[in-house]
Structure formats: structure tokens, C-alpha cells
Protein chains: 2
Amino acid sequence: MQLKKKPVTGMKDILPKEMEIRNYVLGVMKETYRRFGFVSMETPCVEHLENLNSKQGGENEKLIFKILKRGEKLKMDEAKEENDLVDCGLRYDLTVPLCRYYANHSAELPSPFKALQTGNVWRADRPQRGRYRQFMQCDIDVIGEASCIAEIDLILATSAFLGEINFKKFTIRINDRRILKAMAAYSGFAPESFDTVFIILDKMDKIGIEGVAAELEKEGFDRANIATYLNLFQNIEPTAEGIRYLKKELEGCLEPEVADNLENIIYQVEKAKQADFGLVFDPTLVRGMSYYTGPIFEITMDEFGGSVGGGGRYDEMIGKFTGQSTPACGFSIGFERIVMLLLEHDFSVPRIYGKRAYLVDKNITKEALESLMSKVMIERSKGMEISVDTMKKNKKFQKEQLAAEGYSEIVEIFAD
Amino acid sequence: MQLKKKPVTGMKDILPKEMEIRNYVLGVMKETYRRFGFVSMETPCVEHLENLNSKQGGENEKLIFKILKRGEKLKMDEAKEENDLVDCGLRYDLTVPLCRYYANHSAELPSPFKALQTGNVWRADRPQRGRYRQFMQCDIDVIGEASCIAEIDLILATSAFLGEINFKKFTIRINDRRILKAMAAYSGFAPESFDTVFIILDKMDKIGIEGVAAELEKEGFDRANIATYLNLFQNIEPTAEGIRYLKKELEGCLEPEVADNLENIIYQVEKAKQADFGLVFDPTLVRGMSYYTGPIFEITMDEFGGSVGGGGRYDEMIGKFTGQSTPACGFSIGFERIVMLLLEHDFSVPRIYGKRAYLVDKNITKEALESLMSKVMIERSKGMEISVDTMKKNKKFQKEQLAAEGYSEIVEIFAD
């Protein structure tokens, strides 16, 4: 009997070379966020279907891997619909489990709770190059901090982490959902059409301002409103200057504190940041999830424009589940994309210790092996990476293979 | 709408205190095995049902969480049995995925392949105290090393790891499946009854030699055979001496090389070991899985007798799947039990850097916050763990909570 050799559709085996990079990135991440006061937490990969279907997951709710009921609970004959057959599913993100976790344990957790959660999530997406159905997510959240210290610390920590793994020239774009809304309100759009407007605005970087205008018109919005709206964007500097401009321009539609708060975040991050990145006010930044209530942010690599992380403030989400209003703000790191970029750039994990291999004659005496092993154990206890292998007939190939794995020293040990 | 707050039945949320210990143990594990030349690998948590049901999983195959087919593939009306509804499942161990992985990638992997795989597995067991339906497994395997260097290195590495996390007074019991079989053959049992005999022998530590005798009789085995068999055990020293005794006694039933090999493993480990543990030859050690072909071992904590790891050689398993005979030997670490023991002993993770919290007045000026944040960023870049939090009305409680989290220094920052 033979096993199916390939992994299940859309999932992947991870080879040692990639694992070394993944472990390195995770290690740097844990170490960096530790310095900012973050602690680790974990939730099960399996979650209640009721929670997964709580409407916080957006489109992801259609992509759930559902788990069959077991034993007597599975009643195939009586089942009328899919949901009669299943009782739980694999999580598609870490946010829903975080909310459940916080609701379940808030009395045992510090306040604010600064949480780092890393773990796999699953989405039954159409498989495509570079996108898998199981992938690692890394979320950092501050729960219980209402002030902009949360945003400042999240941005500083996340940029410090990217700096530590030697990412340079990235840009953090920042906006505020309340500014987004104020701009739409100012332009005459009705609140119930905001989501439609924002979905179109979100395409600005792809289709340009004319494209946005055309799509808004196609949706039947008033031409005057569209003109007012898009005209606003023309005059905004991507800096604190732009925020101050909007604070004045949107008077009556925007609480001045919202603009001051965003300006302060930019100011403090610019002053305290240590990594090499730009911080830009981007009034076209939307972030898909409707649960955001305040500042939102996204990190893009200048080189290829793709996002390697993003997040924002979601002050109302936790309260929805716990009944107690709790401010929250978080970041999601694009772990898989970061690993992919490092692999593409042939990144080598910094190595402190050397690698040495001993090739041992298969007829080695008891005494010779004893003397080798005690030497090897001392070298290992000093941190060196020592492999002891039986010498093969094709010694040349064996040595080449070891060299390719980074064994810079290869020592042959003969029978006695 | 409220979330279900509790995790799904039988699974658990992990609080920061336990996470700190888990991360520490995993870190020490990765670092220790690295020194022995092990590399990390990963397989998806979701596996083909055909592979999970390949008869290598024993009883675990009854405990699979199965995943419902999706979209058009799910044909509820036509489904006759459970397996028509599902197309994959959550892995219940790391061995089946390892074999698939090796079969899929052997050309890209070094030989021998020294693999460290850590990850969650799932078993739909009856929930009980301390046993969960999702738990972490840590497997270390050497694939492609036929000599006892594999066993020696696995035992040395695993005991070094336990020593590093400060486990003392543990015992590694060792046996060989071929000695088990030779003892049974010598006593007159038929090969087809070996498994039944071994299942009963495995209870020796619980029911004693009389209990084993009674159960063997109950199974209808010949009294003379039982007497010969149990008499053998009476005369075996738990050392190399015992192995030499059996080598002589079982002449004709046991290849002498098997005894020499086991004696050499014990000799080499005793000479090279650095951690504080005993190595014992235990002819009653069975290890459940029938795929073992050579030496088998188990680590027990003297204190409470429970196992914290075990493994053995399984030279025929990989070949079954790949068609190419490949020697293999591995260890499974009882990660969850190790973490439980550390928690029970109030283990504190060694801390290099101090923890300091700044409590910030909510009306802090822009300038005061700026000067604080730049100071904080320097402290963080030195490795210190710094939390910056808004000062609460109930400052006394806030400080107590921070102290409980290990913040030994708490600094108050006023408005300007």
C-alpha cells in the first residue's frame, strides 16, 4: 500500500531551508514584541461554527473548512443541510478566536492586554501560486488602551521588527475611518452608501482618480457629490499638513480631536522610530473590514508595492461579544509574504556557530566511537552544530551534500 | 449577538503564563537538536484520509476529525456513508505526515535526514483532565542511518534537551523488539500470538509478574511456555549484564549482533552523556506500535513514573510507502506533559532583562510623550521589556497587576 505523496490540495510541505527562515522570522518577532511588553497567547485551531459565522469574518466565512460531527451526533439520515452534519470548523483568522479568548479570560488577563498570537489559519480559497489554504498568521493586539499610545507602540514595534529582519524602504500608510466617513459626508454621500463609496475609493491606486470617478458614476451617485469628493483628494498633502487641511476643510463633519489624534500618532512615530521607513497620511486607505472604528494602517514594501501588514483600531468589536465596551487596536503581519520575500532574496539566517560533520567508518571500534562521541558532546555543548554520520560508499557525493547544507568542516573518522 | 466564550469541547485556550513556558521549552528544544545536526520541517495539519487510515496509526485512526467536502464535491443526497462526505482530516500524529513528506521530497533532502517536527495534532478522544483533543507533538527522527549512531545521538540529544530545561532524575529504559520476539519464541509462543503476549507483558509494571501470568493463562497459553517465559525475566539484570545473559540464553533464537548493538548503545550513551539520568535495559518494555523493528526506548520521570518521551527504530515503515527500503529511528517528546510538570513546579523562565512599566497621565503633552518614547525606544533596543500604559483611575490596582506580571519597576509620567 502506498501513501498519497503530495500534500492535500492547496497546502504545502515546508522544506528545511524555508523552515530555517520561518523560525528565524518568528524568533525575531517574538523577541521584538517582548521588548514592547507583548505576551504570547494561543487559541485552538478548531472553533465553534457559530463564532466563525458571526459576520466579523466577511468573505472568509464562505471559505471555512468544516468538521464532521462524530459518533452518535452524526445523523446522516436526518441531515437536511450542510450545517446539520458539522459542529465546528478551522479558524480562518486569529481575530475571531482572540475576541472569544478575551471574552473567556478577561478577568485573568492584564489590562491593557498586549497580545501576540501566531498560528495557522485555513481558507478553502481557489488554490493559486503563492497562496495556500493553510498559512501562518501573526497578530499583535492591544486590548484595553483607549489612547493613541496603542497605535504609536504598535507601529513602532512592527517597524522595529521589520528593521530587525533587515527590511528597508517600506512605507506605513495611515488614515482614520472617521476621516474617510467625514470626507464622504462632506461630499454629500448618504451614510448608507459609504461602504459602496469606500470599496470604489480603495481601487484608487489601481484605476486612478478617473477610474474612481467613472465607477462612482456607474453606481449612480450624484455628479456634484463625486466632483466635490474627488476634488478634496487633489489638495491633500500626504503628511501632517494634509491632516490639518482636512481638519479645517471638514469642519462640522469631523471631530477636530480625530485629526489631532492622527497627527499626534504621525508626530510621535516620526520622532521615536529607529527603523528606516516612511510614514504617510493616505486619505484613500480604506482597509476592507468594516469593524474598524479609528486609525487604520498598512505597510507596503516600496520595491514591489505589496502589503506586508496592516491593521487598525476596532473599539466596538470586543464589546459586541462581551457586552462590555473595550477599546482595541491591532496589527496583522503578512508572515507568509515576508518569508516569500526573504526566500526570493536568498536570505541567509545569521549563524553564530559553525557546522562540522564527522563521517564515521562503519566498522569503527567501540573505543574509537567512544572517544569521538565524548569530543563531539563537548563541541555541541559549546553551541557548535555537529552531525555524526556513517561514511557512505559514495563519499564524494556525501561530502558535496554536506557542504551544500552548510557543513564547512568535514572530518573523516576511520575504523580505529 | 454573543460569541460562545468557551473553546470547543476538549480543546483549550493557552494563557500567557503557560505560553511563556511553552515557548521556552520549544526554544530550548530547537536549540539543543540544532547542535546535534537536526533541521526543522513542517507538514500541513490537514492530511489525506487515505493516508490517515493507512493502518500505521493504530487506535488513533478511530479518533480522526474529518473535514467535510466543499462546494460541488459535497453530494449529500448521494452520500451513503460517512466517508462519502469527507475528503481529508486533521492529523493524529506526526509520523504518518513525516512518511508522506519523506516520500514526496527525499530527492531534495539530505541523507541521513535528521528532522525535528513540532506541531499540533488532533484526536477526538473522550475529554478528560489534562488530556486535550488538540495537543502539541514534537518528533525527532533520523531517516537513512542504519547504524546505532542514530540511537546514540537521539538518546544523547533528547537527554541533553531534558537536562537543559533542568529535568533531573529521569530514567531511559531501552529494549529491542527483536529481543522481545526472541524471548517469546524461545519460550514456545507462536509468532502469530506475539502481539497478544506483548500487550499483556506491557502491563508488568502495573499488575506484576503474577498478574501477567494470570492473564496469559486466561488467554489459553500453554502453562509450560508461560513458566519458561516469566522465568527468563527473573534472571535479567537491568544492565549490559542482562543483555549478555540473554545473548547466551537465547542462542539460536536471537542474532548475537542484536544484543551487541544494544549493548553498544548503552555503553556509548553512558560514556558520552552529560545530563543526569539512568539508562536501564528493560526486557518488559514493549512500546505499543507494531511498526518498530529494532531498539525501542522510553523516558520516565522517577518522581511520578510517567513517560515524557519514547520511540524506537522503524526500518520498514518508510519503504512500505516509498517502495524503497529506508532505515529510520525516532523519538517523540511528551511536550504537553513536560509543560504540565513545569507548571506544577511553578517553573520560572530564566529572564535576562528587566521589565519596566511607564504609567502615563492621560493628559500628557505632545512634548512629554515625545521625550518619553525616545527614552523608551533606547531601553527597548538594549533588550529591556518596556510597557507604556495610560495611567488608570485605580492606580493602586494597576500597579499591583503590573507587579504580578513581573514589572519590577513602575515609573509614573505626569502630564508635563
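Calculation criteria
- Residues numbered from 1 in each chain as written.
- Chains lettered and ligands numbered in written order.
- Predicted model: local features only at pLDDT ≥ 70, side-chain atom pairs only at ≥ 80, totals over all residues.
- Heavy atoms only, no water.
- Helix = DSSP H or I, 4+ residues; strand = E, 2+ residues; numbered from the N terminus.
- Buried < 20%, exposed > 50% of the residue type's maximum accessible area, 1.4 Å probe, protein only.
- Contact = heavy atoms within 4.5 Å.
- Areas by Shrake-Rupley, 256 points an atom, 1.4 Å probe, with all protein chains shown as cover.
- Buried area = accessible area lost by both parts, 1.4 Å probe.
- Salt bridge = Lys/Arg side-chain N within 4 Å of Asp/Glu carboxyl O.
- Polar contact = N/O pair within 3.5 Å; in protein donor to acceptor, adjacent residues only side chain to side chain.
- Least-squares fit on C-alpha atoms with pLDDT ≥ 70 in both.
- Pairing = 2+ DSSP bridges.
- Axes fitted to C-alpha atoms, helices over the stretch in contact; angles between N-to-C directions.
- Parallel < 35°, antiparallel > 145°, perpendicular 65-115°, else oblique.
- Nonpolar A, V, L, I, M, F, W, Y, C, P; charged D, E, K, R; others polar.
- Phe/Tyr/Trp six-rings, centres within 6.5 Å; stacked < 30°, edge-to-face > 60°.
- Expected span 1.5 Å × (residues − 1).
- Bend = angle between axes of the 7 residues up to and from the residue.

Enquirer: Run through the overall build of chain A, naming residues and quoting values.
Expert: In terms of regular secondary structure, chain A is built from 15 helices and 14 strands. With respect to the three principal axes, the spread of C-alpha positions in chain A is 90 × 65 × 45 Å. Taking all 416 residues of chain A together, the buried fraction comes to 58%. Residue pairs at least 24 apart in sequence account for 69% of intrachain contacts in chain A once pairs closer than 6 positions are excluded. Accessible surface, chain A as shown: approximately 18000 Å² in total, 48% of it carbon and sulfur.

Enquirer: Give me the lowdown on the side chain of Asp-282 of chain A, citing residues and values where you can.
Expert: By secondary structure assignment, the location of Asp-282 of chain A is in the loop between β8 (277-281) and β9 (295-301). For Asp-282 of chain A, the contacting residues outside a window of four places in its chain are Arg-173, Ile-174 and Asn-175 of chain A.

Enquirer: I'd like a rundown of the interface of chain B and chain A, residues and numbers included.
Expert: The partner chain A presents 108 residues to the 108 residues of chain B that form the contact. In this assembly, chain B packs against chain A so that about 9900 Å² is buried in total across both faces, 57% of it on carbon and sulfur atoms. Counting across the chain B and chain A interface gives 11 salt bridges. A salt bridge links Lys-114 of chain A to Asp-389 of chain B; its shortest N-O distance comes to 2.9 Å. Counting every contact that joins chain B to chain A gives 61 residue pairs in polar contact (both at pLDDT 80 or more).

Enquirer: Tell me about the relation of the copies chain B and chain A, residues and numbers included.
Expert: Laying chain B over chain A is done by rotating through 180° and shifting 0.0 Å along the axis; what remains is an RMSD of 0.0 Å. Seen this way, the second copy is the image of the first under a two-fold rotation axis. Relative to the rotation axis, the closest C-alpha in chain B is found at Ile-67 of chain B, a distance of 2.2 Å. Here 100% of the interface residues in chain B have copies in chain A that are interface residues too; the copies meet face to matching face.

Enquirer: Would you mind going over the sheet that holds strand β13 (residues 385-390) of chain A in detail, with residue names and values included?
Expert: All names here are of chain A. Strand order in this open sheet of three strands is β13-β12-β14, and the pairing throughout is parallel. The open sheet has two free edges, formed respectively by β13 and β14 (409-413), since each of these has just one partner strand. Taken over all neighbouring pairs, the strand axes of this sheet differ in orientation by 20° on average, direction set aside. The pairing of strand β12 (residues 355-360) with β14 spans five bridges and is parallel. By the bridge assignment for β14, Val-360 is matched with Ile-413.

Enquirer: Summarise the pairing of strand β7 (residues 170-176) of chain B; cite the residues concerned and give the values.
Expert: All names here are of chain B. Among the seven residues of β7, seven are classified as buried, and the element is accordingly described as predominantly covered. Judged by which residues are buried, β7 turns out to be covered on both faces: Phe-170, Ile-172, Ile-174 and Asp-176 on one side and Thr-171, Arg-173 and Asn-175 on the other are all buried. As paired elements, β7 and strand β8 (residues 277-281) share five bridges and run parallel to each other. Its bridge partner being in β8, Ile-172 is matched across the sheet by Leu-279. Note: β7 against strand β9 (residues 295-301), seven bridges, orientation antiparallel. The residue of β9 that forms the bridge with Thr-171 is Thr-300.

Enquirer: Explain the pattern of salt bridges to me, and be specific about the residues and the numbers.
Expert: Pairs can form between side chains of opposite charge whenever their charged atoms are close. If you walk through the whole model with that rule in mind, you get 73 salt bridges over all chains. With a shortest N-O distance of 2.9 Å, Lys-12 of chain A and Glu-18 of chain A are connected by a salt bridge. Overall, the relative accessible area of 13% leaves Glu-18 of chain A in the buried class. For Arg-100 of chain A, the salt bridge is made with Asp-13 of chain B, and the minimal N-O distance between the two is 2.7 Å. Here Arg-100 of chain A is found in helix α4 (residues 95-105), whereas its partner Asp-13 of chain B is found in the segment before α1 (16-35) on a different chain. As far as the burial class goes, Arg-100 of chain A and Asp-13 of chain B line up, both buried. If you follow the salt bridges from partner to partner, you end up with Glu-20, Arg-351, Lys-355 and Glu-385 of chain A together with Glu-31, Arg-34, Arg-35 and Glu-164 of chain B in one network.

Enquirer: Can you tell me about the pairing of strand β6 (residues 134-143) of chain A, naming the residues and giving the values?
Expert: Here is the key point about a regular strand: its side chains alternate between the two faces of the sheet. Residue and element names in this part refer to chain A. Of all 10 residues in β6, 10 are buried; the element is thus mostly enclosed. Every second residue of β6 is oriented toward a common face, with Gln-134, Met-136, Cys-138, Ile-140 and Val-142 on one face and Phe-135, Gln-137, Asp-139, Asp-141 and Ile-143 on the other, all of them buried. As paired elements, strand β5 (residues 113-122) and β6 share 10 bridges and run antiparallel to each other. Looking at the pairing, Leu-116 lines up with Ile-140 of β6.

Enquirer: A description of the packing of helix α6 (residues 177-186) of chain A against helix α7 (residues 194-201) of chain A should follow, citing residues and the corresponding values.
Expert: Residue and element names in this part refer to chain A. Between α6 and α7, the shortest axis-to-axis distance is 11 Å and the interhelical angle comes to 105°. Here α6 lies roughly perpendicular to α7, going by the angle between them. Counting all contacts with α6, which are made through Arg-177, Leu-180, Lys-181, Ala-184 and Ala-185, the residues of α7 involved are Phe-194, Asp-195, Phe-198 and Leu-201. Across the contact of α6 with α7, the residue classes tally to six nonpolar, no polar and three charged.

Enquirer: A description of the packing of aromatic side chains should follow, citing residues and the corresponding values.
Expert: Residue and element names in this part refer to chain B. Counting across every chain of the model gives 26 aromatic pairs over all chains. Their ring planes at 80° and their centres at 5.2 Å tell us that Phe-189 and Tyr-229 sit as a pair that is edge-to-face. Residue Phe-189 is found in the loop between α5 (177-186) and α6 (194-201), and its partner Tyr-229 is found in helix α8 (residues 223-234); the two are separated by 40 residues along the sequence. Look at Phe-189 and you get buried, because its relative accessible area is 4%.

Enquirer: With reference to specific residues and values, describe the side chain of Ser-387 of chain A.
Expert: With respect to the helices, strands and loops of the structure, Ser-387 of chain A is situated in strand β13. By relative accessible area, which is 4% here, Ser-387 of chain A ends up buried. Looking at Ser-387 of chain A, its side chain comes within polar contact range of the side chain of Asp-389 of chain A, at 3.2 Å. Not counting the four nearest positions on each side in its chain, Ser-387 of chain A is found in contact with Arg-356, Ala-357, Tyr-358 and Tyr-407 of chain A together with Phe-36 and Lys-114 of chain B.

Enquirer: Pulling in residues and values, what's your account of the sheet that holds strand β13 (residues 385-390) of chain B?
Expert: All names here are of chain B. Read across the open sheet, the three strands follow the order β13-β12-β14; overall the sheet is parallel. Of all strands in the sheet, those bounded by a partner on one side alone are β13 and β14 (409-413). Pairs of neighbouring strands in the sheet enclose a mean axial angle of 20°, with direction left out of account. Inspection of the sheet shows strand β12 (residues 355-360) paired to β13 by six bridges, in the parallel sense. When the sheet's bridge partners are listed, Arg-356 is paired in β13 with Ile-386. Contacts between helix α13 (residues 366-381) and the sheet are confined to β12, β13 and β14, with β13 contributing the most and set at about 155° to the helix.

Enquirer: Quick one: what's the story with helix α7 (residues 204-218) of chain B, residue by residue and with numbers?
Expert: Residues and elements named next belong to chain B. For α7, built from 15 residues, the straight-helix expectation of 21 Å at 1.5 Å per residue is missed by more than 12%, its first-to-last C-alpha distance being only 16 Å. The largest bend in α7 comes to about 75°, at Glu-210. Inspection of α7 places Met-204, Gly-211, Val-212, Ala-213 and Leu-216 among the buried residues, and these make up the whole buried set.

Enquirer: So what's going on with the packing of α7 of chain B against α8 of chain B? Residues and values would help.
Expert: Residue and element names in this part refer to chain B. Packing of α7 against α8 brings their axes to within 8 Å, and their N-to-C directions diverge by 160°. Judged on the interaxial angle alone, α8 and α7 are roughly antiparallel. Of α8, the residues touching α7 (which contributes Met-204, Ile-209, Val-212, Ala-213, Leu-216 and Glu-217) are Arg-223, Ile-226, Tyr-229, Leu-230, Phe-233 and Gln-234.

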